[in-house]
Amino acid sequence: MKIGIFVTAAFCKRGKLDAISGHVQIPLMTARLISDGGYEVTLVTTKPRGADLLPDSIPKTIPVCIVEHAARDWPEQGVYLGKALRQAYQLLVLFKKRRFDVLHFFGGRNLVLLICFLRFLGINQPVFFTPIKSPGTDLSGLEGRILRVACRRINKIIAMTDYTHTGWSSLCDRQKVTVLQPGVMKQMPRTPVNGFRNSVLFWRNAGYANGVDIAIRSFKELAPKYPNIRFVFAVRPYDVLESQLLDLERRVPNVDVHIYPYRTGVSLASLLQRALFVVEPFRLLSINPSMAILETLYAGVPVIATNVESNGEVIHDGQNGLLIPPDDELALTCAIERLLEDEKLLSRLRENAYSRTVERWNWSAFGKGLLGIYGHTNIG
């Protein structure tokens with residue numbers, strides 16, 4: 001069976017292979033698992049400007065085809081229409097030439113419209129779709145009707161959380177939608193630096209969707225009260241609240257701000273090794289499940305996170321982390337203080353962070369389920 005896997009922007013810039021987006025990690029691991037299962041796999045992807053390296057996680061035995069990159073550069077959103085049409089035409093030609101038995105797409109809900117367009121142009125192979133987000137809640141208008149029609153053209157939707165399963169099931173036959181929970185590709189060391197942890201860490205983009213403004217206010221209040229604790233931000237550059245972070249670092253002596261690419265000697269792994277716990281007060285998730293939360297828990301570090309979207313499926317409150325309401329600075333501050341003051345609770349969360357998470361979120365079960373789906377696909 002010949003399988004084509006499509007995901008945008010699998011190529012990375014030099015020096016940034018340690019910052020692979022979650023939306024890329026999962027399809028690359030899927031390609032690897034399917035290839036190891038005996039299927040003939042081709043990765044189809046795009047190459048953002050300045051990106052020329054593929055992550056090591058994709059085996060060199062898997063061929064790679066490149067089509068037009070249509071997405072705007074981060075932090076801008078959306079696509080260039082002309083490039084998107086070129087991309088669709090190139091995919092049409094490629095899919096017809098390669099004669100794949102199954103096409104597997106990974107991405108957001110706009111990708112469903114691309115799939116529908118390709119169907120209209122004559123692509124008739126079975127199509128699988130793995131969404132990174134729910135389709136949304138307001139589906140009563142024209143866009144919702146279009147999505148419902150488009151979903152009819154998809155043979156299987158493989159969600160990664162119950163939250164996304166529920167969302168996409170509202171648009172089509174529930175039997176068409178299944179759930180497979182992934183693991184993580186970035187394996188972080190679980191031992192602390194010199195056996196010592198002394199920081200509270202926020203890591204993610206420094207934008208409103210990730211609640212960094214809430215973390216800023218909370219850290220500002222707590223840092224003077226806990227002078228022996230480092231309050232640390234590790235963020236991507238050029239985001240909207242970067243200036244506020246740097247101002248806080250200048251004003252408060254035990255606040256540290258690391259902007260990617262980090263200075264020599266600093267890495268996400270080393271920051272996690274020094275962290276007592278991580279705070280992620282997200283308002284929205286860019287991918288379900290949050291790979292930032294999964295990677296943190298895999299590193300044996302508990303997480304305080306907002307109970308939004310699929311976070312409650314990953315974090316079991318009081319077992320491997322704490323769940324708080326969204327947009328609630330007081331709740332975040334109280335949760336941080338609770339863990340700083342209650343060593344017994346923090347110790348229990350740390351003991352469970354990895355073990356409780358890996359029970360459900362792992363590549364072994366994901367791969368077994370995936371191969372089962374492909375094995376029962378009718379390609380006649």
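Every chain's residues receive numbers from 1 upward, in the order its sequence appears when written. pLDDT decides what is reported in this predicted model: residues at 70 or higher carry local features, side-chain atom pairs at 80 or more are listed and counted, and totals for whole chains, interfaces and linings draw on all residues regardless. Remark: hydrogens and water are excluded; side-chain values derive from all non-hydrogen atoms of the structure.

So, on to the sheet that holds strand β4 (residues 102-107). Two strands pair under a simple rule: DSSP has to find at least two bridges between them. Numbering of helices and strands runs from the N terminus, with a helix taken as a DSSP run of H or I at least four residues long and a strand as a DSSP run of E at least two residues long. Strand order in this open sheet of 7 strands is β3-β2-β1-β4-β5-β6-β7, and the pairing throughout is parallel. Looking along the sheet, the strands with just one partner apiece sit at the ends: β3 (64-67) and β7 (177-179). Averaged over all pairs of adjacent strands, the angle between their axes in this sheet comes to 20°, without regard to strand direction. Contact definition: two residues touch when any of their heavy atoms are within 4.5 Å. Under this scheme, a helix contributes an axis fitted over its contacting stretch, all axes are lines through C-alpha atoms, and angles between N-to-C directions fall in the 0 to 180 degree range. In the packing of helix α1 (residues 22-36) onto the sheet, the strands contacted are β1 (2-6), β2 (40-46) and β4, and the crossing angle to β1 comes to about 170°.

What follows concerns the environment of Met-160. Here Met-160 shows up in the loop between β6 (156-159) and α5 (162-169). Only protein chains enter the area calculation, which uses a 1.4 Å probe; residues under 20% of their type maximum are buried, those over 50% are exposed, and those in between are partly exposed. The class of Met-160 is buried, set by a relative accessible area of 1%. Sequence separation of Met-160 and Gln-87 is 73 residues, and the distance between their C-alpha atoms is 26 Å. Filtering out sequence-adjacent residues up to four positions away, Met-160 remains in contact with Ile-26, Thr-130, Pro-131, Ile-132, Val-179, Leu-180, Gln-181, Pro-182, Asn-288, Pro-289 and Trp-361.

Attention now moves to the pairing of strand β12 (residues 303-306). Neither face of β12 is left uncovered, since the one carrying Val-303 and Ala-305 and the one carrying Ile-304 and Thr-306 both have all their residues buried. Here strand β11 (residues 275-280) runs beside β12; their pairing, made up of 3 bridges, is parallel. Of the residues in β12, the one forming a bridge with Val-278 is Val-303. Seen with its strands pointing away from the viewer, a crossover is right-handed if its path from the first strand over the helix to the second goes clockwise. Viewed along the sheet, the connection from β11 through helix α9 (residues 291-298) into β12 turns out right-handed. Both β12 and strand β13 (residues 321-324) contribute to a ladder of 4 bridges, which runs parallel.

Attention now goes to helix α11 (residues 329-341). Expected helix span is given by 1.5 Å per residue-to-residue step, counting one fewer step than there are residues. Its 13 residues place the ends of α11 18 Å apart at the C-alpha level, agreeing with the 18 Å of an ideal helix rising 1.5 Å per residue. For α11, the full list of buried residues reads Ala-331, Leu-332, Thr-333, Ala-335, Ile-336, Glu-337, Leu-339 and Leu-340. Under this definition, polar contacts are N or O atom pairs within 3.5 Å; protein pairs additionally need one hydrogen-donor-capable and one acceptor-capable atom, and for neighbouring residues in sequence, both atoms have to be side-chain atoms. A distance of 3.3 Å separates the backbone nitrogen of Leu-330 from a side-chain oxygen at the start of α11, and that oxygen is part of Asp-328.

Next up on the list: the side chain of Arg-197. Inspection of the secondary structure puts Arg-197 in the loop between β7 and β8 (199-203). The charge count includes Lys and Arg as positive and Asp and Glu as negative, but it does not include His or the ends of the chains. In what follows, salt bridge is the name for a side-chain nitrogen of Lys or Arg lying within 4 Å of a carboxyl oxygen of Asp or Glu. This buried residue, Arg-197, is left without a salt bridge; Glu-351 holds the nearest opposite charge, at 12 Å. A polar contact is formed between the side chain of Arg-197 and the backbone oxygen of Gln-273, at a distance of 3.2 Å. Among the polar contacts listed, one links the side chain of Arg-197 to the backbone oxygen of Ala-275, at a separation of 2.9 Å. Setting aside its immediate chain neighbours within four residues, Arg-197 contacts Arg-190, Thr-191, Pro-192, Leu-272, Gln-273, Arg-274, Ala-275, Leu-276, Val-301 and Arg-350.

This part is about the sheet that holds strand β10 (residues 255-259). Spatially, 6 strands are ordered β10-β9-β8-β11-β12-β13 in an open sheet, and the strand pairing comes out parallel. Single-partner strands in this sheet number two, and they are β10 and β13. Neighbour to neighbour, the strand axes of the sheet diverge by 20° on average, direction disregarded. Sheet topology note: the β8/strand β9 (residues 230-235) ladder contains 5 bridges and is parallel. What sits directly across from Ser-199, in β9, is Arg-230. Along the sheet face, helix α7 (residues 242-251) touches β9 and β10 and points at about 140° away from the line of β10.

On to the packing of aromatic side chains. Within 6.5 Å between ring centres, the rings of Phe, Tyr and Trp (the latter by its six-membered ring) count as paired, and their orientation is classed by plane angle as stacked under 30 degrees, edge-to-face over 60, tilted in between. This model, assessed by the stated rule, comprises 12 aromatic pairs. Judged by centre distance (5.2 Å) and plane angle (90°), the ring pair of Trp-363 and Phe-366 falls under edge-to-face. Placement of both Trp-363 and Phe-366 in helix α13 (residues 363-375) is noted, with a separation of 3 residues, approximately one turn of the helix. Exposure class is identical for Trp-363 and Phe-366. Each is buried.

It is the contact of α9 with helix α12 (residues 343-360), at a shortest axis distance of 7 Å, that shows an interaxial angle of 120°. Compared by their axis directions, α9 and α12 come out oblique. From α9, Leu-294, Leu-297 and Tyr-298 reach across to α12, where they touch Ala-353, Tyr-354, Thr-357 and Val-358. Each angle gets one of four labels, with under 35 degrees taken as roughly parallel, over 145 as roughly antiparallel, 65 to 115 as roughly perpendicular, and the rest as oblique.

Our focus in this paragraph is the state of the cysteines. Any cysteine sulfur atom paired with another within 2.5 Å is treated as part of a disulfide. Within this structure, the stated rule accounts for 0 disulfides. Unpaired in this structure, Cys-172 has its nearest cysteine sulfur neighbour in Cys-151, at a distance of 5.1 Å.

This part is about a nonpolar patch on the surface. On the surface, a cluster of nonpolar side chains totalling about 530 Å² of accessible area is made up of Leu-81, Leu-85, Phe-117, Phe-120 and Leu-121. Where the nonpolar patch is concerned, the elements lending two or more residues are α2 (81-98) and α3 (110-120). Mapped onto the fold, Phe-120 is located in helix α3. For Phe-120, a relative accessible area of 68% puts it in the exposed group. Surface patches are drawn from residues lacking salt bridges whose relative accessible area is over 30%; two like charges belong together within 9 Å, two nonpolar side chains (Val, Leu, Ile, Met, Phe, Trp, Tyr) within 5 Å. Each accessible area is a Shrake-Rupley estimate made with a 1.4 Å probe; only the visible protein chains count as cover when residues are assessed.

We now examine the side chain of Glu-68. With respect to the element layout, Glu-68 can be found in the loop between β3 and α2. Within polar-contact distance, the side chain of Glu-68 engages the side chain of Arg-86 at 3.4 Å. Apart from the residues within four sequence positions on either side, Glu-68 is in contact with Thr-46, Lys-83, Arg-86, Gln-87 and Gln-90.

It is worth spelling out the pattern of salt bridges at this point. If you walk through the whole model with that rule in mind, you get 14 salt bridges. Salt-bridge contacts for Glu-68 lead to Arg-86; the nearest nitrogen and oxygen are separated by 3.4 Å. Of the two residues, Glu-68 sits in the loop between β3 and α2 while Arg-86 sits in helix α2, which places them 18 residues apart along the sequence. Exposure remark for Arg-86: the relative accessible area of 43% places this residue in the partly exposed category. Its salt-bridge partner being Arg-217, residue Glu-329 comes within 2.8 Å of it at the nearest N-O pair. With Glu-329 in helix α11 and Arg-217 in helix α6 (residues 212-222), the pair connects residues that are 112 residues apart, well separated along the chain. Given the relative accessible area of 39%, Arg-217 is considered partly exposed. Three or more residues joined by partner-sharing salt bridges are found here, namely Asp-213, Arg-217, Arg-283, Asp-327 and Glu-329.

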